[in-house]
Amino acid sequence: MGNDILVLVEHHAGAVHDSAAELLGKARELAGATGGQAVAVLLHDGWGDTHASALPADRVLSVEHTAFANFLPEAYVIALEAILRDRDPRLTLIANTTVGMDLAGSLSARMSSPLVAYCVDLAIDGDVVVATSQVFGGKLNAEVELPSGIASVVAGAFPPAEGGGAPEVEAVAPMAGLDSLSMTFLGRIEPETSDVDITAEEILISVGRGIGGEENVELAQELADALGGVVSASRPVADAGWLPKTRQVGKSGRKVTPRLYIACGISGAPEHLEGMRDAELIIAINTDEKAPIFDVAHFGTTEDLFDILPALTERIEAATSVA
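Per chain, the residues get numbers from 1 upward, laid out in the order the sequence is written. Only residues with pLDDT of at least 70 are given local features in this predicted model, and only at 80 or more are side-chain atom pairs given and counted; all residues enter the totals for whole chains, interfaces and linings. Based on all heavy atoms of the structure, the side-chain values leave hydrogens and waters out of the count.

**Q** Mind showing me how you'd approach the sheet that holds strand β14 (residues 260-264) here?
**A** Strand-to-strand pairing in sheets goes through backbone hydrogen bonds, with the strands running parallel or antiparallel. Spatial ordering of the open sheet is given by β13-β12-β14-β15-β16, a layout of 5 strands whose pairing is parallel. For this open sheet the edge positions go to β13 (230-233) and β16 (299-301), each flanked by a neighbour on one side alone. Across the sheet, the axes of successive neighbouring strands diverge by a mean angle of 20 degrees, strand direction being ignored. In short, DSSP must find at least two bridges between two strands for them to pair. By the criteria applied, helices consist of DSSP H or I runs no shorter than four residues and strands consist of E runs no shorter than two, each listed in order from the N terminus. In the sheet, strand β15 (residues 281-285) pairs with β16 via 3 bridges, with the strands oriented parallel. Residue pairing in the sheet places Ala-284 in a bridge with Gly-300 of β16. Sitting on the sheet, helix α5 (residues 217-227) is in contact with β12 (203-207), β13 and β14, with an inclination near 170 degrees to β12. Fitted lines through C-alpha atoms serve as axes, helices being fitted only where they are in contact, and the angles separating the N-to-C directions of these axes extend from 0 to 180 degrees. Here a residue-residue contact requires only that any non-hydrogen atoms of the pair lie within 4.5 Å.

Written out as structure tokens, the structure is:
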């Protein structure tokens, strides 16, 4: 077993995902404790070499092949398995995104290697890796020890690395099997358009399952109108069709960084927290005092949202009319 910390660089349409800098920053820290290197793995179809030298890593393994023009789990698993068997890293970090969840389990099974999913913290303690994972929708943190393995890391768990690393870029020959894949990329379905872009809004009033029903979304809309903001939602609300998918905040929705984020009836599952935890000011309204949303909120209340929202709207409208 080696001492390097490997990081899969996720990307789309020639743009590197934000998670790469977060994982590489942590990889540098861990590699300092193991005596190894922070090694980025970049799978691409020709554009990657222009980005490789800017990655905050000690070394970049660059694999170029047409199979990486779009994300194909089969191609990625073939490449990553070959790299892991050849390099034998101490730890492999993958973002806990849709792509990462597709890959981490397959790699774990094929490599017979431990996998820690929904990971929010990592440390080296002597000869073991100490990993902290969110379980039960983020209500509990489980700490486990493993000699080596794979970790799929929740977005925003670590601060991004600052500056580039001027890494050594190593071209790796394409793996056998990439020319004879059984999986074919047919196309990408882009998200529907919307009347608003919640990623550009400074004030978001976000509603979750606790709003009760579609008819109650109007309470959040009235508060949003009073504040000059927009109503957004957690996944259950979008899945129910109470608001369009383009208003969904979270891992399977959109990542937002507004000045003000008011979470109404949102428990705070890890997938949702990934999308909003970087907001400048977070206010949570939830009757469950143990809801994970309070772990990231700057202010919060356990009062009933059906009492709070109308009262807050009334106070803001009154203050605005006086001004």
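After presenting the structure, the write-up continues.
**Q** Would you mind going over the environment of Val-129 with me for this structure?
**A** Within the secondary structure, Val-129 sits in strand β8 (residues 128-135). On the accessibility criterion, Val-129 (1% relative accessible area) is buried. Val-129 sits 128 residues away from Thr-257 along the chain, and the two C-alpha atoms are 32 Å apart. Those residues in contact with Val-129 that lie beyond four places of it in its chain are Arg-90, Leu-91, Leu-122, Ala-123, Ile-124, Val-144, Glu-145, Leu-146 and Pro-147. Using a 1.4 Å probe on the protein chains alone, a residue whose accessible area is under 20% of its type maximum counts as buried, one over 50% counts as exposed, and one in between counts as partly exposed.

**Q** Explanation requested: the packing of aromatic side chains in the structure shown.
**A** The relation between two aromatic rings is expressed through the spacing of the ring centres and the mutual angle of the planes. Each Phe, Tyr or Trp ring (for Trp, its six-membered ring) is paired with any other whose centre lies within 6.5 Å, and the angle between the two planes then decides the class: stacked below 30 degrees, edge-to-face above 60, tilted in between. According to the stated counting rule, one finds 2 aromatic pairs in the structure shown. Ring centres of Phe-68 and Tyr-76 lie 5.7 Å apart, and the angle between their planes is 90 degrees; this geometry places the pair in the edge-to-face category. The same class applies to Phe-68 as to Tyr-76, namely buried. The interplanar angle of 75 degrees and the centroid separation of 5.0 Å between the aromatic rings of Phe-71 and Tyr-76 together place this pair among those described as edge-to-face. Residue classification places Phe-71 among the partly exposed positions, given a relative accessible area of 26%. For Tyr-76, a relative accessible area of 4% corresponds to the buried category. Aromatic ring contacts, followed pair by pair, group Phe-68, Phe-71 and Tyr-76 into a single cluster.

**Q** Could you clarify how one ought to interpret the environment of Thr-34 in this entry?
**A** With respect to the secondary-structure elements, Thr-34 resides in helix α1 (residues 19-34). By relative accessible area, which is 12% here, Thr-34 ends up buried. Separated by 99 residues in sequence, Thr-34 and Ser-133 have C-alpha atoms that sit 21 Å apart. Not counting chain neighbours up to four residues away, the residues in contact with Thr-34 comprise Asn-3, Ile-5, Arg-90 and Ile-124. Here a polar contact is recorded for every N or O atom pair within 3.5 Å, except that within protein the pair must consist of a potential hydrogen donor and a potential acceptor, and residues adjacent in sequence are included only if both atoms are side-chain atoms. A distance of 2.6 Å separates a polar side-chain atom of Thr-34 from the backbone oxygen of Asn-3.

**Q** Help me out: how do you make sense of the nonpolar core in this one?
**A** Counting 30 residues, the largest nonpolar core has Leu-93, Leu-122 and Val-153 as its most contacted members. Secondary-structure elements contributing two or more residues to this core are β1 (5-8), α1, β4 (38-44), β6 (91-95), β7 (115-125), β8 and β10 (149-153). Top element by residues in this core is α1. It accounts for 6 residues. Apart from the residues lying within four places of it in its own chain, the contact partners of Leu-122 are Lys-26, Leu-30, Leu-91, Leu-93, Val-129, Val-130, Ala-131, Ala-151, Val-153 and Phe-158. Here the nonpolar core consists of buried residues drawn from Ala, Val, Leu, Ile, Met, Phe, Trp, Tyr and Cys, with membership extended through side-chain atoms lying within 4.5 Å.

**Q** Quick question: what am I supposed to make of the pattern of salt bridges here?
**A** It is possible for side chains bearing opposite charge to pair when their charged atoms get close. When a carboxyl oxygen of Asp or Glu lies within 4 Å of a side-chain nitrogen of Lys or Arg, that pair is called a salt bridge. Under the definition given, this model contains 13 salt bridges. As a salt-bridge pair, Glu-202 and Arg-259 come within 3.6 Å of each other at their nearest N and O atoms. Of this pair, Glu-202 sits in the loop between β11 (168-172) and β12 while Arg-259 is found in the loop between α6 (235-239) and β14, placing the two residues 57 residues apart along the sequence. Looking at Arg-259, the relative accessible area reads 51%, which means it is exposed. Among the charged side chains, a salt-bridge network with shared partners connects Arg-59, Asp-86, Arg-87, Glu-168 and Glu-170.

**Q** In this structure, what is going on with unusual backbone geometry? I would like to understand it.
**A** The phi torsion of most residues other than glycine is negative, and most of the peptide bonds are trans. Phi is positive for Ser-112, close to 50 degrees, though the residue is something other than glycine. With respect to the helices and strands, Ser-112 occurs in the loop between α4 (98-111) and β7. One non-glycine residue, Tyr-118, lies in the positive phi region at around 50 degrees. Along the chain, the position of Tyr-118 falls in strand β7.

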